[in-house]
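# Residue-level structure breakdown
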Amino acid sequence: PDKDTWLVSRICGTFKERSKISPNQIPEPVIERIVLATSNKGDLVVDPFVGTGTSPVVCRRLQRNCIGFDISKKVVAHAQKRLDSLVAES
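Residues numbered from 1 in each chain as written. Predicted model: local features only at pLDDT ≥ 70, side-chain atom pairs only at ≥ 80, totals over all residues. Heavy atoms only, no water.

### Some remarks on the packing of helix H1 (residues 28–38) against helix H2 (residues 54–61)
Taken N-terminus to C-terminus, the directions of H1 and H2 make an angle of 60°; their axes are 9 Å apart at the nearest point. When the axes of H1 and H2 are compared, the pair comes out oblique. Here H1 and H2 pass one another in a crossing that is right-handed. Counting all contacts with H1, which are made through Glu28, Ile31, Glu32 and Val35, the residues of H2 involved are Thr54, Ser55, Val57, Val58, Cys59 and Arg61. Taken together, the residues that form the contact of H1 with H2 break down as 5 nonpolar, 2 polar and 3 charged. (Axes fitted to C-alpha atoms, helices over the stretch in contact; angles between N-to-C directions. Helix = DSSP H or I, 4+ residues; strand = E, 2+ residues; numbered from the N terminus. Parallel < 35°, antiparallel > 145°, perpendicular 65-115°, else oblique. Left-handed = near helix turned anticlockwise from the far one by under 90°. Contact = heavy atoms within 4.5 Å. Nonpolar A, V, L, I, M, F, W, Y, C, P; charged D, E, K, R; others polar.)

Below, the structure is given as structure tokens:
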């Protein structure tokens, strides 16, 4: 009912979409709201803490370009693998 309240469950350790590779996984609906509020189709979104790759996944779905990076090569490889699996599905 309230348009200024975000009622989105966080991703707990028991959730099937939970990735153990990153300690702070943000739910796709939260990222989606942020991307929709701050960009237009075709815009470039930069995520300096790419983590599990949620931002690039959401950006792809919303027709935004995205550059993501992280301090951990392991985390970046995981995010790339997640994106590659999306391409394989389409």
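### Quick notes on the pairing of strand S2 (residues 65–68)
One ladder, built from 4 bridges, connects strand S1 (residues 44–47) with S2; its direction is parallel. Its bridge partner being in S2, Val46 is matched across the sheet by Ile67. With respect to chirality, the unit in which S1 leads through H2 into the neighbouring parallel S2 is right-handed. (Pairing = 2+ DSSP bridges. Right-handed = clockwise from strand over helix to strand, strands pointing away.)

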